[in-house]
Amino acid sequence: IGTKFVWAVTGTKDGNFEITVCLRGNAEISAVKDSVEEVLCKKVRLGRILSDNGDMMIKFYPSMKYSVTSASASIPKDGEEICGDACVSVPLCGGHMLAVSDGMGSGENASNMSASAVSRFKSNSEIFATLDLCAVDMERGIAHFIKVGGVTSYIKNGRNVEKVEFSSLPIGILMNVEKKACVKNLNRQSAVIMLTDGDSDAFESEEKLISAIKDAD
C-alpha cells in the first residue's frame, strides 16, 4: 500500500479518535482497514472516502456498539430533469449524521438551494430551503433530530411507527428562526425515515403513508 501520509486526532474525553490515511492511487479498502486495526490493536469503523488528483483519502473511527446503514432515493418533479431535494449521509467520530433539504420550488434552482443548505447547514442569504438533520449517537443508541421547516420524520420499530415533527419555518424566511430539536431512543432494529414534502404529498393521507412504512421490510 503506497501511503502518502497518516494523520491521527486523539484525546477526546470519550476515547474517540479519527485516523486519516492518504494513499497514492487506489487501494483495496479492506486491506487498508486491516492495516490500521493491526497497528492500533483495536477494531475501527470506516468513515468518509475522498479522491483528489489520483490520491485517495480514507477516514477511520472507533468501532462502536451500534452501526448505521443508510440509503436514499429521489425522483424529479414531472417536467424537470433535476430533483430539487438533496441529502447526505456522513460518518462522524462519535456516530453518524443524516441530512435532508427541500429547496423551495423545483428543478435546478431548488436543487442548488437544497444542496447549499445541506453542505453549509446555514446561509447568510435567503435560500428558502428546509433542513432536516438526524445525528445518531452510535454508542448510546440515541438520535438527535433538528428541523428547520422539515416535514415529519418517522422511526420504525417492527410494526410500530413513531412520528418526529415540529412546526418551524424554512431557512431564509426568518434567518434567526428558532431551530426545533428533540432526542429519541433507537435500538438495533430501528429505521429512521426522513422525507421531503414531495414524498408525503404522494400519499392520499398520512395514515396511508404510515401504513406503507409499517409494511416496508
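Refer to the structure printed above.
Residues numbered from 1 in each chain as written. Predicted model: local features only at pLDDT ≥ 70, side-chain atom pairs only at ≥ 80, totals over all residues. Heavy atoms only, no water.

A. Structural detail: the overall build of the protein chain. Secondary structure assignment for the protein chain yields 4 helices and 12 strands. Of all 217 residues assigned to the protein chain, the portion counted as buried reaches 38%. Taking contacts inside the protein chain between residues at least 6 apart in sequence as the whole, the part at least 24 apart equals 55%. A total accessible area of about 12,800 Å² is found for the protein chain, and carbon and sulfur atoms account for 50% of it. (Helix = DSSP H or I, 4+ residues; strand = E, 2+ residues; numbered from the N terminus. Buried < 20%, exposed > 50% of the residue type's maximum accessible area, 1.4 Å probe, protein only. Contact = heavy atoms within 4.5 Å. Areas by Shrake-Rupley, 256 points an atom, 1.4 Å probe, with all protein chains shown as cover.)

B. Here's a closer look at the pattern of salt bridges. Within this structure, the stated rule accounts for 9 salt bridges. For R140, the salt bridge goes to D137, with nearest N and O atoms at 2.8 Å. E206 is the salt-bridge partner of K163, the closest N and O atoms lying 3.0 Å from each other. Here K163, found in strand 10 (residues 160-164), pairs with E206, found in helix 4 (residues 206-215); they are 43 residues apart in sequence, far enough to count as distant. What makes K163 partly exposed here is its relative accessible area of 32%. Put simply, K163, E165 and E206 are held in one network by salt bridges that share partners. (Salt bridge = Lys/Arg side-chain N within 4 Å of Asp/Glu carboxyl O.)

C. Examining the nonpolar core more closely. Judged by nonpolar contacts, the single largest core of 13 residues is most densely connected at C134 and F145. Breaking this core down by element, the ones donating at least two residues are strand 6 (95-102), strand 7 (131-137) and strand 8 (142-148). Other than its neighbours up to four places away in sequence, C134 contacts H96, M97, L98, A143, H144, F145, V192 and M194. I19, V36, M56 and F60 belong to the second-largest nonpolar core, a separate cluster that totals 10 residues. (Core = buried A, V, L, I, M, F, W, Y, C linked by side-chain atoms within 4.5 Å.)

D. Representation of the sheet that holds strand 11 (residues 180-185) within the structure. The sheet built from 5 strands is open, its strands ordered 5-6-7-8-11 with antiparallel pairing. Each having just a single partner strand, strand 5 (85-92) and strand 11 make up the two edges of the open sheet. Sheet twist, expressed as the mean angle between neighbouring strand axes with direction ignored, is 15°. Examined bridge by bridge, strand 5 and strand 6 share 8 bridges and lie antiparallel to one another. From the neighbouring strand, A86 faces strand 6, where its bridge partner is S101. (Pairing = 2+ DSSP bridges. Axes fitted to C-alpha atoms, helices over the stretch in contact; angles between N-to-C directions.)

E. Structural detail: helix 1 (residues 29-40). A rise of 1.5 Å per residue sets the reference length of helix 1, with its 12 residues, at 16 Å; its end C-alpha atoms lie 17 Å apart and thus fit the reference within 8%. The complete set of buried residues in helix 1 reads V32, V36 and E37. Taken end-on, helix 1 shows its buried residues confined to a sector of 135°, consistent with a single buried face. Considering only its buried residues, helix 1 is in contact with strand 2 (18-24), strand 3 (44-52) and strand 4 (55-62). One or two residues past the end of helix 1 sits C41, with phi positive at roughly 60°. (Expected span 1.5 Å × (residues − 1). Arc of directions from axis to C-beta.)

F. Representation of the side chain of E37 in the model. By the secondary structure assignment, E37 is in helix 1. Beyond its immediate chain neighbours, meaning those up to four positions away, E37 contacts K42, K43 and V44.

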